[in-house]
Amino acid sequence: MNYLEKIGFTSDDINVIKKSTTSVIFNLLSEQRRVVNANILYLRDLGVTNYKEIFIKYPDLFLIDNSNFKEIFEKYDKSDLINKLNNNLDIFVYL
């Protein structure tokens, strides 16, 4: 999970993810690092400031194919979506 450290996650963040997910999901996050990394960077580059907290809470959603992941967000007004995600990360699961 070193790839997460390269984009700003701490070892404590990674330990939280490991403890709060199943071993299957944790292993998939390691195996599918390119997809996960691309999705995290997309969310960060979109302007979502709490992308790390969203990933920690909903890591399995970052296993979605990158093009499908982007489609989820592209159907909403960008500034409105960013504002809502930055204020309430729990809406992420409803997108």
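One structure accompanies this document, and this report is about it. Since this is a predicted model, take the numbers as computed values, not measurements.

About the criteria used
Residues numbered from 1 in each chain as written. Predicted model: local features only at pLDDT ≥ 70, side-chain atom pairs only at ≥ 80, totals over all residues. Heavy atoms only, no water. Helix = DSSP H or I, 4+ residues; strand = E, 2+ residues; numbered from the N terminus. Rg over C-alpha atoms; globule rule 2.2 N^0.38 Å. Contact = heavy atoms within 4.5 Å. Areas by Shrake-Rupley, 256 points an atom, 1.4 Å probe, with all protein chains shown as cover. Axes fitted to C-alpha atoms, helices over the stretch in contact; angles between N-to-C directions. Parallel < 35°, antiparallel > 145°, perpendicular 65-115°, else oblique. Left-handed = near helix turned anticlockwise from the far one by under 90°. Nonpolar A, V, L, I, M, F, W, Y, C, P; charged D, E, K, R; others polar. Buried < 20%, exposed > 50% of the residue type's maximum accessible area, 1.4 Å probe, protein only. Arc of directions from axis to C-beta. Phe/Tyr/Trp six-rings, centres within 6.5 Å; stacked < 30°, edge-to-face > 60°.

## Side note on the overall build of the chain
Helix and strand counts for the chain come out as seven helices and zero strands. Counting from the amino terminus, the chain carries its helices and strands in the arrangement α-α-α-α-α-α-α. A compact globule built from 95 residues should have a C-alpha radius of gyration of about 12 Å, and the chain, at 13 Å, falls within 12% of that. Projected onto its principal axes, the C-alpha positions of the chain cover 35 × 25 × 25 Å. In the chain, the proportion of contacts linking residues at least 24 apart, taken out of those at least 6 apart, comes to 68%. Of the accessible surface of the chain, which amounts to about 5700 Å², a share of 47% is contributed by carbon and sulfur atoms.

## Re the packing of helix α4 (residues 33-46) against helix α6 (residues 66-74)
The contact between α4 and α6 brings their axes to 9 Å, and the two run at 25 degrees. Comparing the axis directions of α4 and α6 gives the class roughly parallel. Considering only the axes of α4 and α6, their crossing is right-handed. Side by side, α4 and α6 meet where V35, A38, N39, Y42, L43 and L46 of the first sit next to N66, F69, K70, F73 and E74 of the second. Its residues assigned to classes, the contact of α4 with α6 comprises seven nonpolar, two polar and two charged.

## Focus: α6
Of the residues making up α6, those classed as buried are N66, F69 and F73. Down the axis, α6 shows its buried residues gathered within 60 degrees of arc, on one side only. Among the exposed residues of α6, those oriented more than 90 degrees off its buried face are E71 and E74. Next to the buried residues of α6 lie α4 and α7 (78-87).

## Digging into the environment of D45
Residue position: D45 is located in helix α4. For D45, a relative accessible area of 55% corresponds to the exposed category.

## Remarks on the environment of D90
Summarising the element assignment, D90 is placed in the segment after α7. Aside from chain neighbours lying at most four places away, what touches D90 is K57 and Y58.

## Some details on the packing of aromatic side chains
What the rule picks out here adds up to 11 aromatic pairs. Ring geometry for F55 versus F62: centroids 5.0 Å apart, planes at 80 degrees, classification edge-to-face. A single burial state applies to F55 and to F62, both of which are buried. A centroid spacing of 5.0 Å and a plane angle of 55 degrees characterise the contact between F69 and F73, whose relative ring orientation is tilted. Here F73 and F69 lie together in helix α6, a separation of four residues that amounts to about one turn. A single burial state applies to F69 and to F73, both of which are buried.

So yeah, pure geometry; function would need other evidence.
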